[in-house]
Amino acid sequence: MRILVVRLSSMGDIIHALPAVASLKHSFPHSYVSWVIRTRWMPLLEGNPFVDEVIPFERTLGGVFEARRKLREQRFDLAIDFQGLIQSALIAAAARPDRIVGFHRSQVRERAATLFYSTCVEARAPHVVDRNLELAAAAGASSLLHTFSLPDGSPEGILPEGKFVLTSPLAGWGSKQWPVEFYQELASRLDVPLVVNGPPDAAEILSKIRGAHVHLSGIAGLIHATRRAQAVVGVDSGPLHLAAALSKPGVAIFGPTDPSRNGPYGGTIRVLRSAGVATTYKRQADAHDSMRAISPDDVLEALPA
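These remarks concern the structure in this document. Worth saying up front: this structure is predicted, and the values here are computed from it rather than measured.

1. Looking at the pattern of salt bridges
One pass over the structure, following the stated rule, counts ten salt bridges. In this structure, glutamate 66 and arginine 69 form a salt bridge, with 2.5 Å as the shortest nitrogen-oxygen distance. Pair noted here: glutamate 66 and arginine 69 are both in helix α2 (residues 61-72), with a separation of three residues, about one helical turn. The exposure class of glutamate 66 is partly exposed, given its relative accessible area of 41%. Taken together, the shared-partner salt bridges connect Glu66, Arg69 and Glu73 into one network.

2. Looking at the sheet that holds strand β11 (residues 250-253)
The parallel open sheet is built from six strands, whose spatial order is β9-β8-β7-β10-β11-β12. Two strands lie at the open edges of the sheet, namely β9 (213-216) and β12 (269-272), each paired on one side alone. Here the strands of the sheet are splayed against their neighbours by 20 degrees on average, with no regard to which way each runs.

3. With respect to the pairing of β11
Burial along β11 is two-sided: the residues Gly250 and Ala252 and Val251 and Ile253 are all buried. Bridging between strand β10 (residues 231-235) and β11 involves four bridges; their strand directions are parallel. Paired with valine 233 across the strands is valine 251, a residue of β11. Where the polypeptide runs from β10 across helix α8 (residues 238-245) and back to β11, its parallel neighbour, the crossover connection is right-handed. Where β11 meets β12, four bridges bridge the pair, whose relative direction is parallel. Pairing of alanine 252 across the sheet is with valine 271, part of β12.

Basis of the calculations
Residues numbered from 1 in each chain as written. Predicted model: local features only at pLDDT ≥ 70, side-chain atom pairs only at ≥ 80, totals over all residues. Heavy atoms only, no water. Salt bridge = Lys/Arg side-chain N within 4 Å of Asp/Glu carboxyl O. Helix = DSSP H or I, 4+ residues; strand = E, 2+ residues; numbered from the N terminus. Buried < 20%, exposed > 50% of the residue type's maximum accessible area, 1.4 Å probe, protein only. Pairing = 2+ DSSP bridges. Axes fitted to C-alpha atoms, helices over the stretch in contact; angles between N-to-C directions. Right-handed = clockwise from strand over helix to strand, strands pointing away.

So this is what it looks like as structure tokens:
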């Protein structure tokens, strides 16, 4: 049996799909699982025992044709679109599988994507990880795993030799970010170094957090740093979900987005969110007022000793 998984991006969403894909492979042990993913996120699948083939996808004309050619070389029995976009549905359809399974039109970002599905699933669970598991079950997975298979990562840059708290201040949109000056106060009051991680192009922003140890890296370096960290402080972004998947202790600062849907999975990270905050997924540039309502004192109190 050949199974095609389509989850192109981003870091947190790919991590949230890992248990569902593991469940598919475990339920069909002799299957061949291929995963279409954007090239920049491929390191997240390195060495994954539940994925037999990683098919890179680039949003260029050449990249589209190359992915289509790769898909047409094989015959797929089943495709699962975890993304819910017209683009991801078109990729699934390009493989010409016998079945395409995706979420119900009320639960996808682009409703037209469901026109390509042979089976639409209306998930009932609140959290994205569990919704993905429901989608896998509808596709035929009979044994559901809560396994996050992630690579070991590799050292990049310089980290403190001893214990440290790791944070990745940047998020996909500004309204989910905690104010930079709050990290500076946190760094001055911790008993161990505060390591602020980000990609190389974030050096200027991260350098504004005085007193913190700036660590610039790619995905492999972030995974290595997360595994080494004593604890993490995060916002609703990929690095937080990576830490949760690795069962790291820590604190998650939430504001406009709903932690019951997008929060750290697994229970090792404590969520801080002000009472009565209205949930919104509007992508605004500036930090939401509810993020400013969480103080460094709140974070320090919630951090594990």
